[in-house]
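Observations on chain architecture
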Amino acid sequence: MTRRVPVAGEQPYEVAIGAGVQVELALVLAGTPKVAVVHAPPLAAAAGAAVETLQTAGVAAEAVVVPDGEAAKTAEVAAGLWEEFGRLGLTRSDAVVGLGGGAVTDLAGFVAATWTRGIRFVTVPTSVLGMVDAAVGGKTGINTGAGKNLVGAFHPPAAVLADTDLLAGLPEAEFRSGMAEVVKCGFLADAEILRLLDADPTGRRDTEELIERAVRVKADAVGEDLYDTGRREFLNYGHTLGHAIERLEDFGWRHGEAVAVGLVFAAELAGQAGLLTRTEVDRHRDLVAAMGLPTGYAGDWARLQQVMRVDKKARGASLRFVVLDGLGNPTILTDPDQSWLDAAWAAVNEGAT
Ligand SMILES: NC(=O)c1ccc[n+]([C@@H]2O[C@H](COP(=O)([O-])OP(=O)(O)OC[C@H]3O[C@@H](n4cnc5c(N)ncnc54)[C@H](O)[C@@H]3O)[C@@H](O)[C@H]2O)c1
Ligand SMILES: [Zn+2]
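Residues numbered from 1 in each chain as written. Chains lettered and ligands numbered in written order. Predicted model: local features only at pLDDT ≥ 70, side-chain atom pairs only at ≥ 80, totals over all residues. Heavy atoms only, no water.

A few points about the UniProt feature "domain: 3-dehydroquinate synthase N-terminal" (unreviewed entry) in the chain
Sites flagged by UniProt as "domain: 3-dehydroquinate synthase N-terminal" (unreviewed entry) map to residues 64–176. Taken as a whole, residues 64–176 contains 35% helix and 29% strand, while its terminal C-alpha atoms sit 28 Å from one another. (UniProt positions renumbered as here; feature names shortened; annotations may be inferred. Helix = DSSP H or I, 4+ residues; strand = E, 2+ residues; numbered from the N terminus.)

Here we look at the site of ligand 1
In the vicinity of ligand 1 lie 24 residues, with Asp-68, Glu-70, Gly-102, Thr-126 and Ser-127 positioned nearest. Between ligand 1 and Ser-127 there is a distance of 2.6 Å, counted from an oxygen atom to a side-chain nitrogen or oxygen. At a separation of 3.5 Å, a nitrogen atom of ligand 1 approaches a polar backbone atom of Leu-170. Within the complex, the protein chains bury 84% of what would otherwise be the 860 Å² of accessible surface of ligand 1. Mapped by element, the contributors of at least two residues to the shell around ligand 1 are helix H4 (102–114), helix H5 (128–134) and strand E8 (147–154). (Near = heavy atom within 4 Å. Polar contact = N/O pair within 3.5 Å; in protein donor to acceptor, adjacent residues only side chain to side chain. Areas by Shrake-Rupley, 256 points an atom, 1.4 Å probe, with all protein chains shown as cover.)

Observations concerning the coordination of the zinc ion (ligand 2)
Around the zinc ion (ligand 2), the protein supplies Glu-181 (OE), His-239 (NE2) and His-255 (NE2) as donor atoms, at distances of 1.9 to 2.1 Å. Binding-site remark: the zinc ion (ligand 2) is held by donors from one chain whose sequence spacing is E-x57-H-x15-H. Here His-255 lies in helix H10 (residues 255–272) and Glu-181 lies in helix H6 (residues 172–189), a separation of 74 residues in the sequence. Look at His-255 and you get partly exposed, because its relative accessible area is 21%. (Donors = N, O, S within 2.8 Å, 3.2 Å for Na, K, Ca; no water. Buried < 20%, exposed > 50% of the residue type's maximum accessible area, 1.4 Å probe, protein only.)

Examining unusual backbone geometry
For Arg-117, which is not glycine, the phi torsion reads 60° and is therefore positive. One non-glycine residue, Phe-251, lies in the positive phi region at around 60°. Within the secondary structure, Phe-251 is located in the loop between helix H9 (239–248) and H10. The class for Phe-251 is partly exposed, based on a relative accessible area of 39%.

Below is the structure:
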């Protein structure tokens, strides 16, 4: 069964989720003269299959390989792709497919946004994080020496094909890390996600339903807020501390692992503020732990606070946290009492192994 989630906006599109949905490339891109399928080496076989699907449909498709992971998200790699697109003769009537994890879809989307001021872009996310987060919502970008994702563009895809067959090759730790974004969506907006993960914390039993539900939560938030001024900020739940941990760890932690700790911290903070009950706070910690994700962190609290203050989501110098005023009801907590911050930190620090 293929699940479909519509994403509203100026140019609405659909996220298709299911085994084998990659073949829909032939429908989505039918009649397109040329298509570049951008991928990293670990996804070469899947990219080959995509090229074949397109060629069978009469589309002149070519695979274009880029470095794996964050190494793809550089100005040099983007410039290399511009040269390659020139060599292929891609015009405004053509299209780009970004096939891979979030790093590759971010890069491919950015280059698609800039090539001839924007050509059609389709994402085929291959990681859990890519499916529920990076490939949906229209944010694209690359990193610079000054920081991650500082150069980019809003360029929504024409379609997202989340082919769950491709998850078979995804390393276990990547799968687990991506599930942190799924449980985040559960706490934010969908109690059924929490129930499914309670029943099987690996997320393996109900992968497709979990991905569909998480995509719905993201789609609801971004559909009306492409430019990230309102509801989209709630998706940042767990990310204020999470981003700070990633920075302090020099991005040696997986994103989802840092977010997992951030979720526990945000829950503790809400507990301090009287917004969540002890039971609700513990539900965060217990579920995150059951999923095999970290719930504690032993780091330099003073530095973490410094970094959180300059997090791009913390407007101005104030500290902003997405917190829950009861499960499923996000709100913003600005400049919480220092005693609450310290207590939430103590709880997270104690949980570090
Ligand atoms: N644009 C957005 O809104 C948005 C949102 C969240 C994250 N991101 C970005 O996404 C990136 C992280 O994405 P990620 O977690 O997918 O990491 P990633 O793209 O670096 O992929 C992680 C690793 O898994 C491998 N991999 C992916 N799918 C595979 C598969 N099916 N089989 C075998 N190997 C596979 C990749 O090759 C890579 O080695 C970051 O750059 C982040 O900034 C963007
Ligand atoms: Zn995230």
